[in-house]
Structures are given as structure tokens and as C-alpha cells.
Amino acid sequence: MNAAYLYSLITVVLLGLIAYAGAEAAGLEVLFGVIIPYLALIVFLIGFANKILDWTKSPVPFRIPTTMGQQKSLPWIKQNKFDSPYTTGQVVVRMALEILLFRSLFKNLRTGFGKDGQKITYKWVVWLWLFALMFHYSFLVVVIRHLRFFAEPVPFFVTMLERIDGMLQIMLPNLFISGVVLLAGASLLLLRRVFLPKLVYISRPADYFPLFLIIGIAVTGLMMRYISKVDVVRVKELTMGLATFQPSIPEGSISGLFYVHLFFVSLLVAYIPFSKLMHMGGVFLSPTRNLANNSRAKRHVNPWNYPVKTHTYEEYEDDFRDKMKEAGLPVEKE
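Here's what I pulled together on the structure shown here. (Residues numbered from 1 in each chain as written. Predicted model: local features only at pLDDT ≥ 70, side-chain atom pairs only at ≥ 80, totals over all residues. Heavy atoms only, no water.)

Along its length, the chain carries 14 helices and two strands. A compact globule built from 334 residues should have a C-alpha radius of gyration of about 20 Å, whereas the chain, at 28 Å, is more than 25% larger. Along the first, second and third principal axes, the C-alpha set of the chain runs to 100 × 55 × 45 Å. Out of the 334 residues belonging to the chain, those deemed buried represent 34%. Counted over contacts in the chain with a minimum sequence separation of 6, partners at least 24 positions apart contribute 63%. As presented, the chain carries roughly 21200 Å² of accessible surface, and 67% of it is formed by carbon and sulfur atoms. (Helix = DSSP H or I, 4+ residues; strand = E, 2+ residues; numbered from the N terminus. Rg over C-alpha atoms; globule rule 2.2 N^0.38 Å. Buried < 20%, exposed > 50% of the residue type's maximum accessible area, 1.4 Å probe, protein only. Contact = heavy atoms within 4.5 Å. Areas by Shrake-Rupley, 256 points an atom, 1.4 Å probe, with all protein chains shown as cover.)

Okay, structure coming up:
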């Protein structure tokens, strides 16, 4: 088994035990319920903004859009408008397809050799796209659902989404599909990194750690809803205090499982700016996606070029005209 996998698993388990023991036995509810969430939010905002500003300052001197189709050329040659966009509108459509539907991942191919061991073959692999789509959208639904704990009255779209998400009334309380799908999607992405040799080779603890955090968040959330019930009124009192910057620990005890859940969420939020999870912001600034492929029609001059002393042909001919005539070379000026 990959050591990086074990390091991340042990780290997340220990962090969960620390939060549980701190809230249940040591009376550190203020630390895990107020101080750490605020610190996590501050680290996230500063880190996220710093990362975005750093990326916006990075020079992009060349047109480097990733192309998967024919560029706009002669009128009788058909252009692939979304895989090789020419206009700003086509770029917007391409970005929307990428962000909302993971279009490039949908085209994922696996390269290998045929049965003869010589001919290269390509196989369409769609399961990773399905797992990624399932994971990201279930995560989005879970985040939106939790807005009910930070707003009073609860926004109508949150209530509507909850009704749709809980339409399978097979448990009491209703089973939320998004929570189960989130856990399944994160688990499948984790198993992919654990059992596929190529991914095992390139995976590091930083790749496993956020997956274990997300699985921990999903597991503790499902446990609080269906197994070890918590006082939702006290939870909302705490979260509303955090949202209105009037934090206070409600009277009575909240389950230590809740503080583990909140601690995992805080760690994930604080970890985002320093991890690959920053792709949530970086995708909008990727020059391989947000640039039009119009280099044939428009000359793009590098704005970061430093002044260079040039020697034009006219100057060259003035310097060597006599020698060019002697050598029989044509000149523009006699």
C-alpha cells in the first residue's frame, strides 16, 4: 500500500480524534467552534486573493490555447468553433462547457497497444468524467443546502433544493441524495488513486489529504443526520452567531461529532489556497482555455518585450551596397 495514502489517512484520523476529545473532554468548544472557523476563513480569503493576484500578474506573451479541432482558416474549411474558438463569444461557450460539464475530461482517451503489441490504439474512458461530475455537483448541492444554517429566513432556493434532494423518502429523516453521492464520488476518486498503478506512482500525501478530509466531512455529516443525532437548534444558533460576527457557544452541549465535522470543514477551507483545489479559481485564468485561437488573423505582439536595437534591411543595404553589387546581388537602391 502506498505510504502517502497511509500518512494522509492517519493524519485525518488523528485530527478528528483531537477535535472530538477537545470538544467532549477538554471543554474547547470555543476553540473548535469559533476561533478555528474564523482563522480558516481568514486564511482562505487572504490565500485565495493572493493566489489570484499572483496569477493575474503572470505574463502571457503568446497565444497558447489548447486546440482539439480545426482553427478558423479559409472559408471552405470547416472550423471547430468550441475546440478552437476564434471569437470572444466562442471562448465564453468553451469556458462554460468546461466549467459546467468538464468537456475536456469527457474526451479523455486511454492510449495503449493493440493485440499485436505494435499498433497504437485509443480507448474512450468516460467513467472518470462521470465520477468527477457526480462529485463536484453533489458537493455544490451540499454547500447550498447548508446555507440554511447561516440565514434566517431560509432562502427559497435552499428550501426548494432540499425538497428535490430529499425526494427519496426511504428513511426518517429523509435521505438526502447529495450526501450519499458526495461520499460515493469522493470514495471512487480515492480508490482510483489507491489502485491504479500509474496514479499511485505520481500521488503524494497532498493528493490524498483533501480526499480524506472530504470523506470525513461526508461521513460525519451522514452520522449526525441518521445515527448520532445533534440538536439542530443549537447548531443553528452557533452558525448564525458566526455568520453575524456575534459568536457564542449555545447553552447545553452539542455533540462532539459536530465539532469534528466543523473542524474538518475548517481545515478543508484553509487548505484550498495551498493545494490543487485552487483549480476552482484557476480555471478562469488558464490561458489554455480563455484565449481565442486567432493567431492567423491577428498579430499578437508580446507586451513584455524589452526594447531591442534592430537593424533593418534598408540599413543593411546602406552598409553593404557596394559589396552586394560587386557580388552581383540585386539591390533596391542604386
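Running from N to C, helix 7 (residues 177–195) and helix 9 (residues 205–226) point in directions that differ by 150°, and their axes come no closer than 9 Å. By the angle class used here, helix 7 and helix 9 are roughly antiparallel. Where helix 7 crosses over helix 9, the two elements pack in a sense that is left-handed. From helix 7, Gly179, Val180, Leu182, Leu183, Ala186, Ser187, Leu189, Leu190, Arg193 and Val194 reach across to helix 9, where they touch Asp207, Tyr208, Leu211, Phe212, Ile214, Ile215, Ala218, Val219 and Leu222. Looking at the contact of helix 7 with helix 9, its residues break down into 15 nonpolar, two polar and two charged. (Axes fitted to C-alpha atoms, helices over the stretch in contact; angles between N-to-C directions. Parallel < 35°, antiparallel > 145°, perpendicular 65-115°, else oblique. Left-handed = near helix turned anticlockwise from the far one by under 90°. Nonpolar A, V, L, I, M, F, W, Y, C, P; charged D, E, K, R; others polar.)

Our focus in this paragraph is the pairing of strand 2 (residues 120–124). One ladder, built from five bridges, connects strand 1 (residues 109–113) with strand 2; its direction is antiparallel. Residue Arg110 lies in a different strand from strand 2, and its bridge partner there is Lys123. (Pairing = 2+ DSSP bridges.)

The subject of this paragraph is helix 2 (residues 29–56). Here helix 2 spans 40 Å end to end across 28 residues, near enough to the 40 Å set by a 1.5 Å rise per residue. Most pronounced at Ile35, the bend in helix 2 amounts to some 30°, and the proline Pro37 follows within four residues. Turning to helix 2, its buried residues are Phe32, Gly33, Val34, Ile36, Pro37, Tyr38, Ala40, Phe44 and Gly47. Looking at the buried residues of helix 2, the elements they touch are helix 1 (3–24), helix 10 (232–243) and helix 11 (256–271). (Expected span 1.5 Å × (residues − 1). Bend = angle between axes of the 7 residues up to and from the residue.)

A separate point is the packing of aromatic side chains. On inspection of all chains with the given rule, the structure shows 13 aromatic pairs. Judged by centre distance (5.4 Å) and plane angle (45°), the rings of Phe44 and Phe48 are tilted. Placement of both Phe44 and Phe48 in helix 2 is noted, with a separation of four residues, approximately one turn of the helix. Between Phe106 and Trp129, the aromatic rings sit 4.7 Å apart at their centres with planes inclined by 70°, giving edge-to-face as the arrangement. In this pair, Phe106 is assigned in helix 4 (residues 103–106) and Trp129 in helix 5 (residues 127–145), connecting sequence segments 23 residues apart. By relative accessible area, Phe106 is classed as partly exposed at 33%. Geometry around Tyr86 places Lys72 over its ring, the cationic atom sitting 5.3 Å from the centre. Cation over ring: Arg145 sits above Phe176, and NZ or CZ is 4.0 Å from the ring centre. (Phe/Tyr/Trp six-rings, centres within 6.5 Å; stacked < 30°, edge-to-face > 60°. Lys NZ or Arg CZ within 6 Å of the ring centre and 35° of its normal.)

A word on the nonpolar core. Residues Leu190, Tyr208, Phe258, Tyr259 and Phe264 are the most contacted members of the largest nonpolar core, which totals 43 residues. For this core, the secondary-structure elements that each account for two or more residues are helix 1, helix 2, helix 5, helix 7, helix 9, helix 10 and helix 11. Ranked by residues supplied to this core, first place goes to helix 9 with ten residues. Setting aside chain neighbours within four positions, we find Phe258 in contact with Met224, Val235 and Leu238. (Core = buried A, V, L, I, M, F, W, Y, C linked by side-chain atoms within 4.5 Å.)

Right, let's talk about a negative patch on the surface for a bit. Negative charge collects at one region of the surface, where Glu314, Glu315, Asp319 and Glu332 lie side by side. Inspection of the secondary structure assignment puts Glu332 in the segment after helix 14 (313–326). By relative accessible area, which is 63% here, Glu332 ends up exposed. (Patch = residues over 30% accessible without salt bridge, like charges linked within 9 Å, V, L, I, M, F, W, Y side chains within 5 Å. Salt bridge = Lys/Arg side-chain N within 4 Å of Asp/Glu carboxyl O. Lys, Arg positive; Asp, Glu negative; His and termini not counted. Charge placed at Lys NZ, Arg CZ, Asp CG, Glu CD.)

The next thing to look at is unusual backbone geometry. Most peptide bonds are trans, and most residues other than glycine sit at a negative phi. Pro153 follows Glu152 through a cis peptide bond whose omega is 5°. A positive phi angle, near 55°, is found at Phe102, a position not held by glycine. Here Phe102 is to be found in the loop between helix 3 (88–101) and helix 4. By relative accessible area, Phe102 is classed as buried at 14%. Look at Phe245: it is not a glycine, yet its phi comes out positive at around 55°. For Phe245, the position within the fold is in the loop between helix 10 and helix 11. Given a relative accessible area of 62%, Phe245 falls into the exposed group.

What follows concerns the side chain of Ser266. Assignment of secondary structure puts Ser266 in helix 11. Using a relative accessible area of 6% as the deciding quantity, one classes Ser266 as buried. Here Leu262 takes part through its backbone oxygen, which lies 2.9 Å from a polar atom of the side chain of Ser266. When neighbours within four sequence positions are excluded, Ser266 is seen to be in contact with Ile36, Pro37 and Ala40. (Polar contact = N/O pair within 3.5 Å; in protein donor to acceptor, adjacent residues only side chain to side chain.)

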